[in-house]
Amino acid sequence: RAKVAGSTRPEVFDEATQRRSHETLQIETGLRWALERDELIVQYQPIVSLDSGKIAGLESLVRWNHPELGIVPPDDFIPLAEETGLIVPLGWQVLSKSCKQMKEWRSTLPPGGLIDLSVNLSSKQFMQPDVVAQIHGALKDADLDPTCLRLEMTESALMENAEVVFPLLTELQSLDVRLYVDDFGTGYSSLSYLHKLPIDTLKIDRSFVIDLGVREEALEIVRTIVTLAHNLRMHVVAEGVETQEQATILRGLGCEFAQGFYFSEPVDGSAIADLLRNDIKFF
Ligand code: C2E
Ligand code: MG
Ligand code: MG
C-alpha cells in the first residue's frame, strides 16, 4: 500500500489492513463465482431530454446481488475487477444482458418513443483483440438494432489509449454504434484528440453539476463544456442532477440531456418498462 501511495509514506500493518486484504480476497473469489452463478444484475437510469422532459435513453449500471451481503454497488467491486481482469467477462455479460433487455422493451412496448441504450466499457475491454466481434455478437444475439447502442468510456481511459482506440472507434462507428465520453472534465483531454475521435456525446461529470447554483466557477465550466461540445457537433448529457434548480440552469445553458436522482435513480428493467409504457414526462 505504501508503494501504491507512490511516496515514502509509511504504512502500518494493523488489523484494519488485514481485514481489508481479507475482504479484497473475498471479493475477488466471490466475483469469479458471481459470473458463473449469474449473480450480476443490471439496473437502468433514465437519461432525460431537457427539452421534452421525456426519457431519451437509459444507462446500464451493474450491481452484484451477493448471496450474503445483498446488493453490492459497483464502486465496491469494479476497481478490483479492473485490477484482476475480471472486468472483461463481467463487461461482456452486462452488455449482453442490457442488449437483451433493450430488445424485450422494444418488442413489448408501443413503438414511437425510441430510446437509446448506454453501456459502460472499460479500457481493458477495449484492449481485447475481439472487442468488435464481442459487441457485434451481443447485438446479433439480441437481434438489436446497433444504432440504439452507445458505449461509454471515461475521459481518462480514452485519452490514455487514444492512439490504440482511434482505429477501433472508427470500426465501431462503421457498426453504427456511438461513443459517449463519461465523466468529462475529470481527466486531461487533449483537444486535438477530442475533435479527431468519432465522439457523439460528452457526459459532464457530476462534480461540476453538484456545484451549479453554488459556485460561480461551476456554472462557467459547464457553460464552456456545453459550448465546446456543440461547436464540435457533439451532444451533452449532465450527470448527477439532483435538484430542480440544477435542471433549470442546465436547460438555460443549452444542455440537451440530463441524468440524476432528481429524475430517477437506477431501477430494475420492469420499473423502466412501466415508465416507458406510461410515456412519463419528468417535468
Ligand atoms: P458512471 O458510469 O459515471 O455512472 C453514473 C453513476 O452516478 C452511477 O453510480 C449512478 O447511480 C450515479 N448517479 C446517477 N445520478 C446521480 C445523482 O443524482 N447523484 C449521485 N450522487 N449519483 C448519481 P453507480 O451505479 O454506483 O456506478 C458507479 C460507476 O461504476 C459508474 O459510473 C461506472 O464507472 C462504473 N460502472 C457501473 N456499471 C458498470 C459496468 O457495467 N461496466 C463498467 N466498466 N463500469 C461500470
Ligand atoms: Mg457511465
Ligand atoms: Mg459518469
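Residues numbered from 1 in each chain as written. Chains lettered and ligands numbered in written order. Predicted model: local features only at pLDDT ≥ 70, side-chain atom pairs only at ≥ 80, totals over all residues. Heavy atoms only, no water.

Q: Mind showing me how you'd approach the overall build of the protein here?
A: Across its full length, the protein holds 12 helices and nine strands. Whereas a compact globule of 283 residues would reach a radius of gyration of roughly 19 Å, the protein reaches 20 Å, a difference of no more than 12%. Principal axes of the C-alpha set define a box for the protein whose edges measure 55 × 45 × 40 Å. Here the protein, with 283 residues, has 46% of them falling under the buried criterion. (Helix = DSSP H or I, 4+ residues; strand = E, 2+ residues; numbered from the N terminus. Rg over C-alpha atoms; globule rule 2.2 N^0.38 Å. Buried < 20%, exposed > 50% of the residue type's maximum accessible area, 1.4 Å probe, protein only.)

Q: I keep staring at the pattern of salt bridges and nothing clicks. Help me out?
A: Two side chains carrying opposite charge are able to pair once their charged atoms lie near each other. Taken as a whole and judged by the stated rule, the model has 12 salt bridges. Across the salt bridge formed by Glu217 and Arg215, the nearest N and O atoms sit 2.7 Å from each other. Salt bridges sharing common partners tie together Glu59, Glu152 and Lys203. (Salt bridge = Lys/Arg side-chain N within 4 Å of Asp/Glu carboxyl O.)

Q: Hey, could you run me through the packing of aromatic side chains in this one?
A: By convention here, two paired aromatic rings are described through the distance between centres and the angle between planes. Overall, the coordinates contain four aromatic pairs when judged by the stated rule. Ring pairing ties together the aromatic residues Tyr262, Phe263 and Phe282, which thus form one cluster. Lying over the aromatic face of Phe283, Arg251 brings its terminal NZ or CZ to 4.5 Å of the ring centre. (Phe/Tyr/Trp six-rings, centres within 6.5 Å; stacked < 30°, edge-to-face > 60°. Lys NZ or Arg CZ within 6 Å of the ring centre and 35° of its normal.)

Q: Would you explain the packing of helix 3 (residues 87–108) against helix 5 (residues 131–142) in this entry?
A: Each pair of packed helices can be described by the angle between their axes along with the distance between the axes. Packing of helix 3 against helix 5 brings their axes to within 8 Å, and their N-to-C directions diverge by 30 degrees. By the angle class used here, helix 3 and helix 5 are roughly parallel. Along this stretch, helix 3 crosses helix 5, giving a crossing that reads as right-handed. Residues Trp92, Leu95, Ser96, Cys99, Lys100 and Lys103 of helix 3 form the contact with helix 5, whose participating residues are Val131, Gln134, Ile135, Ala138, Leu139 and Ala142. For the contact of helix 3 with helix 5, a count of residues per class yields eight nonpolar, two polar and two charged. (Axes fitted to C-alpha atoms, helices over the stretch in contact; angles between N-to-C directions. Parallel < 35°, antiparallel > 145°, perpendicular 65-115°, else oblique. Left-handed = near helix turned anticlockwise from the far one by under 90°. Contact = heavy atoms within 4.5 Å. Nonpolar A, V, L, I, M, F, W, Y, C, P; charged D, E, K, R; others polar.)

Q: Looking at this structure, I do not really get the site of ligand 1. What am I missing?
A: Taken together, 23 residues form the shell around ligand 1, and within it Arg63, Asn120, Asp182, Glu242 and Phe261 come nearest. At 3.2 Å from an oxygen atom of ligand 1 is found a side-chain nitrogen or oxygen belonging to Asp183. Between Glu242 and ligand 1, the recorded distance is 2.5 Å, taken from a side-chain N or O atom to a nitrogen atom. A total of 800 Å² of accessible area belongs to ligand 1 in isolation, and the protein chains cover 85% of it. The biggest single contributor to the shell around ligand 1 is strand 2 (residues 55–66), with four residues. For the shell around ligand 1, a count of residues per class yields nine nonpolar, five polar and nine charged. (Near = heavy atom within 4 Å. Polar contact = N/O pair within 3.5 Å; in protein donor to acceptor, adjacent residues only side chain to side chain. Areas by Shrake-Rupley, 256 points an atom, 1.4 Å probe, with all protein chains shown as cover.)

Q: Got a minute to help me understand helix 1 (residues 15–37) in this structure?
A: Since the α-helix turns once every 3.6 residues, residues separated by three or four places project in the same direction. Its 23 residues give helix 1 an end-to-end C-alpha distance of 32 Å, which sits within 8% of 33 Å, the value for a rise of 1.5 Å per residue. Residues Thr17, Gly30, Leu31, Ala34 and Leu35 constitute the buried set of helix 1. Of the surrounding secondary structure, the elements contacted by the buried residues of helix 1 are strand 1 (40–49), strand 2, helix 2 (78–84) and helix 3. Two or three places before Ala16, at the start of helix 1, stands the capping residue Asp14, its side-chain oxygen 3.2 Å from that residue's backbone nitrogen. Downstream of helix 1 by a residue or two, Asp38 has a phi angle that is positive, lying close to 60 degrees. (Expected span 1.5 Å × (residues − 1).)

Q: It is not clear to me how the coordination of the magnesium ion (ligand 2) should be interpreted in this structure. Could you clarify?
A: Ideal values for angles at a metal depend on the geometry: 109.5 degrees with four tetrahedral donors, 90 or 180 degrees with six octahedral donors. Protein coordination of the magnesium ion (ligand 2) is provided by Glu59 (OE), Asn120 (OD1), Glu152 (OE) and Asp182 (OD), with donor distances spanning 2.0 to 2.3 Å. Coordination of the magnesium ion (ligand 2) draws on donor residues from a single chain, spaced E-x60-N-x31-E-x29-D in sequence. A distance of 4.1 Å spans the gap from the magnesium ion (ligand 2) to the magnesium ion (ligand 3), which Asp182 bridges by coordinating each metal. Of this pair, Glu59 sits in strand 2 while Asp182 is found in strand 6 (residues 178–184), placing the two residues 123 residues apart along the sequence. (Donors = N, O, S within 2.8 Å, 3.2 Å for Na, K, Ca; no water.)

Q: I keep staring at unusual backbone geometry and nothing clicks. Help me out?
A: When glycine is set aside, most residues are seen to have a negative phi, and most peptide bonds are trans. Residue Asp183 is not a glycine yet carries a positive backbone phi of 50 degrees. Tracing the chain through its elements places Asp183 in strand 6. Since its relative accessible area comes to 24%, Asp183 is described here as partly exposed. Of note, the phi angle at Asp279 is positive, near 45 degrees, even though the residue is not glycine. Given the relative accessible area of 45%, Asp279 is considered partly exposed.

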